[in-house]
Amino acid sequence: QIQLVESRGGLVQPGGSLRLSCVASGSIFRNDDMGWYRQAPGKQRELVAGVTREGSTNYADSVKGRFTISRDNAENTVYLQMNILKPEDTAVYYCNVRQAGPSGPMDYWGQGTQVTVSS
């Protein structure tokens with residue numbers, strides 16, 4: 001069973017930076033795709049950034065040029081560096097692991113961490 005433990009977010013001023021981390025346990029971590037999702041109040045959950053097992057990355061248009069996702073397989077950790085934060089980035093951020101199972105993909109989720117961007 002894969003377990004995910006995220007760092008807590010926090011309160012940051014517009015234009016500031018924040019770095020989220022997610023530590024995953026599991027015997028096949030290096031073969032999994034990982035990503036960060038977020039859900040703002042009254043909104044649906046959306047993909048923010050993803051990184052595949054091969055190392056390729058993808059980002060939501062709203063965060064391109066500001067956010068960077070990376071992974072450290074030796075530490076079983078995925079990071080999200082968030083720069084030039086905007087009030088619109090305020091949301092609960094969730095770590096995700098997508099594991100290729102014998103019958104299709106299986107998703108695992110962290111508990112979520114609140115990120116608030118405000119003056």
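This section reports on the structure supplied with the text.

Regarding the environment of Q39
Link 1 in the chain: With respect to the element layout, Q39 can be found in strand β4 (residues 33-39).
Link 2 in the chain: A relative accessible area of 33% places Q39 in the partly exposed class.
Link 3 in the chain: Separated by 20 residues in the primary sequence, Q39 and R19 have C-alpha atoms spaced 17 Å apart.
Link 4 in the chain: Excluding anything up to four places from it in sequence, Q39 contacts Q44, R45, A91, V92 and Y94.
Link 5 in the chain: In terms of polar contacts, Q39 uses its side chain to reach the backbone carbonyl oxygen of K43, at 3.0 Å.

A look at the state of the cysteines
Link 1 in the chain: Summed over the entire model, instances satisfying the criterion amount to one disulfide.
Link 2 in the chain: In this model, C22 is linked to C95 through a disulfide, with the two sulfur atoms separated by 2.2 Å. Between C22 and C95, the disulfide has an S-S torsion of -85 degrees and is therefore left-handed. One end of the pair, C22, is in strand β3 (residues 18-25); the other, C95, is in strand β9 (residues 91-101), and 73 residues separate them in sequence.

Conventions and cut-offs
Residues numbered from 1 in each chain as written. Predicted model: local features only at pLDDT ≥ 70, side-chain atom pairs only at ≥ 80, totals over all residues. Heavy atoms only, no water. Helix = DSSP H or I, 4+ residues; strand = E, 2+ residues; numbered from the N terminus. Buried < 20%, exposed > 50% of the residue type's maximum accessible area, 1.4 Å probe, protein only. Contact = heavy atoms within 4.5 Å. Polar contact = N/O pair within 3.5 Å; in protein donor to acceptor, adjacent residues only side chain to side chain. Disulfide = S-S within 2.5 Å.

Function cannot be inferred from these measures alone, as they are strictly geometric.
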